[in-house]
Amino acid sequence: MFHIDRLTWREIRLALKEPFRISSGVIHERRVGLLELADRDGATAWSECVAFDRPIYSPETIDTAWMAISEWLAPRLLGKTIDGPHVVQALLAGNIRGHSMAKATLEMGCWGLAAEIEQKPLSTLLGGSRKRVPTGISLGIQNAPPMLVERAQRAVAAGYRKIKVKIEPGHDIEFVRAVREALGPDIGIMADANSAYTIHHADHLAQLDAFDLIMLEQPLGDDDLVRHAQLQRRLATRICLDESITSLDRAEDMIALGSGRIVNIKPGRVGGLRSSKAIHDLCELAGIPVWCGGMLESGIGRSYNVALASLPNFSLPGDLSPSARYWAHDIVSPEWTMDADGMVVVPTQPGIGVTVDVELIESLTVRQQVLTAGPAMVAVA
Ligand code: OSB
Ligand code: MG
């Protein structure tokens, strides 16, 4: 049981060490929305909003998320006695369509708060069983195959257990071929198109079957299931859906239609951790492997992903790169690291398992707003 008295929203800017290019755009700097939830009895927890600054991945942005949180979602939680984090998804769902990343920011924060109050590790609260989780790397689109090969070779040397290559028309077959030839037959490789193709590219995409990929992620439209099913019938390579799986219902649809054989679960995309767990459980029953995707999160968002990835059916390596891959300094300590076998240790201390560097966050904050249970709302520049 908890009772949220105050929500503090901050926007910070974190420069990526290297721009990250996907088929729908380039990200140079991460505008990160952070939410601090404060319980009446003094417990606090931090959560992260994974929306980007432009709608290049899903319709949400950091600005729409903040509007949804402040205008419609936060009032449903503030000042109320809440039974536990498992009821929050339903509290936020009624008559508010979409805005999954905004909802997830609050819902996940409630799991973090419950972990603090109950003094249990978040992974335990979620039902996780793995002590360490395997990590893959996601490599952005490069200008030419040799640049991609060099990054892939460095990643294998660092211990990563899966190499994901971003693709788009013009940066696909030859790039994947070069990586497969350089890494040899034993390394797990996959490609992610972020919806860059149409069903008319089916013959073109079938050329990827030659490279023994673990999967091809989200080749077609971000809300498509029917054409993915047509494409899956044409490909030997398993399709994994990311953008298309926005809820438990869409995961059921994917299975019913045969639109894919693997699911990338990102809690932000599906409205939070309860929904993520429901999709995980459904897929486990259906024999569909799942893995935890990433949204170039800071160390706060990463801690929720690592806890989620400790559930048993997260059987493929997640996009859970260590902090140093993205940032000069992460906003948590210890920073997220990976061992030489590409494994990340699941924290066993209570809460989200890392300490938030509030001083650093304050120095990076460009905007801060406080919501309280009362009528007053305070805005600080
Ligand atoms: O599709 O998984 C994706 C990054 C930005 C937008 C979409 C995606 C990604 C990644 C990065 O693949 C995963 C990560 O390392 O956080
Ligand atoms: Mg993806």
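Everything that follows concerns the structure shown earlier in this document.
Being a predicted model, the structure only gives us computed values, none of them experimental.

## Structural notes on the nonpolar core
Counting residues in each nonpolar core, the largest one holds 118 residues, and the members touching the most others are Ile-4, Leu-7, Ile-163, Ile-167, Leu-208, Val-263 and Ile-300. Ranked by residue count, the leading element in this core is helix α3 (residues 100-118), at 10 residues. Residues Met-190, Cys-240, Ile-262 and Leu-316 belong to the second largest nonpolar core, which totals 7 residues.

## Observations concerning the coordination of the magnesium ion (ligand 2)
Six octahedral donors at a metal ideally form angles of 90 or 180 degrees, and four tetrahedral donors ideally form angles of 109.5 degrees. Taken together, Asp-192 (OD), Glu-217 (OE) and Asp-242 (OD) make up the full set of protein donors to the magnesium ion (ligand 2), lying 2.1 to 2.3 Å away. On the basis of relative accessibility, which here comes to 0%, the residue Asp-192 falls in the buried class. Asp-242 sits in the buried class, given a relative accessible area of 0%.

## Concerning the site of ligand 1
Near ligand 1 you find 18 residues, and of these Ser-138, Asn-194, Leu-296, Arg-302 and Tyr-326 are the closest. Residue Lys-164 places a side-chain N or O atom 3.1 Å away from an oxygen atom belonging to ligand 1. Between ligand 1 and the protein, one listed contact pairs an oxygen atom with a backbone N or O atom of Leu-296 at 2.9 Å. Taken by itself ligand 1 offers 390 Å² of open surface, and the protein chains cover 100% of this. Judged by its atoms lying within 2 Å of the grid points, ligand 1 is housed in the largest cavity.

## Side note on the packing of aromatic side chains
Given two aromatic rings, their pairing is described by the distance between the two centres and the angle made by the two planes. According to the stated counting rule, one finds 3 aromatic pairs in the structure shown. A centroid spacing of 4.9 Å and a plane angle of 15° characterise the contact between Trp-9 and Trp-66, whose relative ring orientation is stacked. In this pair, Trp-9 sits in strand β1 (residues 2-22) while Trp-66 sits in helix α1 (residues 62-73), placing the two residues 57 residues apart along the sequence. Considered together, Trp-9 and Trp-66 belong to a single accessibility category, that of buried residues. Between Phe-52 and Tyr-57, the aromatic rings sit 6.4 Å apart at their centres with planes inclined by 85°, giving edge-to-face as the arrangement. For Tyr-57, a relative accessible area of 7% corresponds to the buried category. Here Lys-162 stacks its cationic end above the ring of Trp-291, 3.3 Å away from the centre of that ring.

## Observations concerning the environment of Leu-78
Take Leu-78: it is sitting in the loop between α1 and β4 (81-82). By relative accessible area, which is 10% here, Leu-78 ends up buried. Sequence separation of Leu-78 and Ala-309 is 231 residues, and the distance between their C-alpha atoms is 29 Å. Residues in contact with Leu-78, not counting those within four places in the same chain, are Ile-4, Asp-5, Arg-6, Leu-7, Leu-371, Thr-372 and Ala-373.

## Things to note about empty space enclosed by the protein
Inspection of every chain in the model, using the stated rule, returns 3 cavities of 30 Å³ or more. If you go around the largest cavity, you meet 22 residues; those closest to its centre are Phe-20, Ser-138, Lys-166, Gly-294 and Leu-296. Contributing elements (two or more residues each) for the lining of the largest cavity: β1, β5 (132-139), β6 (163-166) and α12 (323-326). The greatest single-element share of the lining of the largest cavity, amounting to 3 residues, is contributed by β5.

## Focus on the packing of helix α9 (residues 248-257) against helix α10 (residues 273-286)
Between α9 and α10, the shortest axis-to-axis distance is 9 Å and the interhelical angle comes to 20°. In terms of orientation, α9 and α10 fall into the roughly parallel class. As α9 packs across α10, the resulting crossing turns out to be right-handed. Where α9 approaches α10, its residues Leu-248, Ala-251, Glu-252 and Ile-255 are matched on the opposing element by Ala-278, Ile-279, Leu-282 and Ala-286. The residue makeup of the contact of α9 with α10, split by class, is 7 nonpolar, no polar and 1 charged.

## So, helix α8 (residues 226-234)
Along α8, the residues that are buried comprise His-228, Ala-229, Leu-231 and Gln-232. Buried residues of α8, seen end-on, are gathered within an arc of 165° and therefore sit on one face of the element. Check the buried side of α8 and you find it contacts α7 (202-206), β9 (239-241) and α9.

## Re the layout of surface pockets
By volume, the largest pocket is sized at about 710 Å³. Looking at the largest pocket, it is lined by 31 residues, and the ones nearest its centre are Gly-98, Ser-100, Thr-246, Ser-247 and Arg-269. When contributions to the lining of the largest pocket are tallied by element, the ones reaching two or more residues are α2 (88-93), α3 and α9. Taken together, the residues that form the lining of the largest pocket break down as 10 nonpolar, 11 polar and 10 charged. What the second largest pocket holds in volume is close to 480 Å³.

## A word on the pattern of salt bridges
A pair can form between side chains of opposite charge whenever their charged atoms are brought close. Summed over all chains, the structure comprises 23 salt bridges. Here Arg-227 makes a salt bridge to Asp-224, at a shortest N to O gap of 2.7 Å. Using a relative accessible area of 44% as the deciding quantity, one classes Arg-227 as partly exposed. If you follow the salt bridges from partner to partner, you end up with Glu-11, Arg-13, Arg-31, Asp-63 and Arg-367 in one network.

## Here's the deal with the pairing of β5
The buried fraction of β5 amounts to 7 of the 8 residues, a majority that puts the element mostly inside the structure. Examined bridge by bridge, β5 and strand β14 (residues 343-345) share 3 bridges and lie antiparallel to one another. Across the sheet, residue Pro-134 finds its bridge partner in β14, namely Met-343. Inspection of the sheet shows β5 paired to β6 by 3 bridges, in the parallel sense.

The rules behind these values
- Counting starts from 1 at the beginning of each chain's written sequence and moves along it residue by residue.
- Think of it this way: whatever chain is written first is A, whatever ligand is written first is 1, and the rest follow in order.
- Where totals are concerned, whole chains, interfaces and linings use all residues; where local detail is concerned, this predicted model gives features only for residues with pLDDT of at least 70, and gives and counts side-chain atom pairs only at 80 or more.
- Side-chain figures throughout are based on the complete set of non-hydrogen atoms in the structure, without hydrogens or water.
- Residues grouped as a nonpolar core are buried Ala, Val, Leu, Ile, Met, Phe, Trp, Tyr and Cys residues, joined through side-chain atoms within 4.5 Å.
- Burial classes follow relative accessibility: with a 1.4 Å probe on protein chains only, a residue under 20% of its type's maximum area counts as buried, one over 50% as exposed, and anything between as partly exposed.
- Note on conventions: DSSP H or I runs of at least 4 residues are helices, E runs of at least 2 residues are strands, and numbering of each starts at the N terminus.
- Here the term donor refers to an N, O or S atom within 2.8 Å of the metal (or 3.2 Å for Na, K and Ca), and because water is left out of the atoms, sites may appear incomplete.
- One heavy atom suffices: a residue is near a molecule or strand as soon as one of its heavy atoms comes within 4 Å of it.
- What qualifies as a polar contact is a pair of N or O atoms within 3.5 Å, subject to a donor-acceptor requirement within protein and to the restriction that residues adjacent in sequence count only when both atoms come from side chains.
- Methods summary: accessible areas were calculated by the Shrake-Rupley approach with a probe of 1.4 Å, and residue burial reflects only the protein chains presented.
- Using protein atoms alone on a 1 Å grid, points that fit a 1.4 Å probe yet trap it form a cavity, whereas open point sets bounded by protein on both sides within 12 Å along at least five of seven lines form a pocket; residues with an atom within 4 Å of a point count as lining.
- Grid points define the cavity or pocket, and a molecule sits in it when more than half of its atoms lie within 2 Å of them.
- Aromatic rings from Phe, Tyr and Trp, taking only the six-membered ring of Trp, are treated as a pair when their centres fall within 6.5 Å; an angle between ring planes under 30 degrees marks them as stacked, one over 60 as edge-to-face, and anything in between as tilted.
- Whether a charge lies above a ring is judged from NZ of Lys or CZ of Arg, which has to be within 6 Å of the ring centre and within 35 degrees of the ring normal.
- Working rule for contacts: check all heavy atoms of both residues, and any pair within 4.5 Å makes them a contact.
- Grid points are joined across faces, edges and corners, and a volume is the space filled by probe spheres set on the points.
- Between N-to-C directions, angles cover 0 to 180 degrees, with each direction set by a line fitted to C-alpha atoms, over the stretch in contact for helices.
- For classification, angles of less than 35 degrees are called roughly parallel, those exceeding 145 degrees roughly antiparallel, those between 65 and 115 degrees roughly perpendicular, and all remaining angles oblique.
- Crossing chirality is assigned from the near helix's rotation relative to the far helix, an anticlockwise turn below a right angle marking it left-handed and a clockwise turn marking it right-handed.
- Ten residues, namely Ala, Val, Leu, Ile, Met, Phe, Trp, Tyr, Cys and Pro, are considered nonpolar, four, namely Asp, Glu, Lys and Arg, are considered charged, and the remaining ones, Gly among them, are considered polar.
- Relevant arc is that of directions from the helix axis to the C-beta atoms, nothing else.
- Salt bridge, as used here: a side-chain nitrogen of Lys or Arg that lies within 4 Å of a carboxyl oxygen of Asp or Glu.
- The criterion for strand pairing is that DSSP finds at least two bridges linking the strands in question.

Scope: geometric values only; no functional claims are made or implied.
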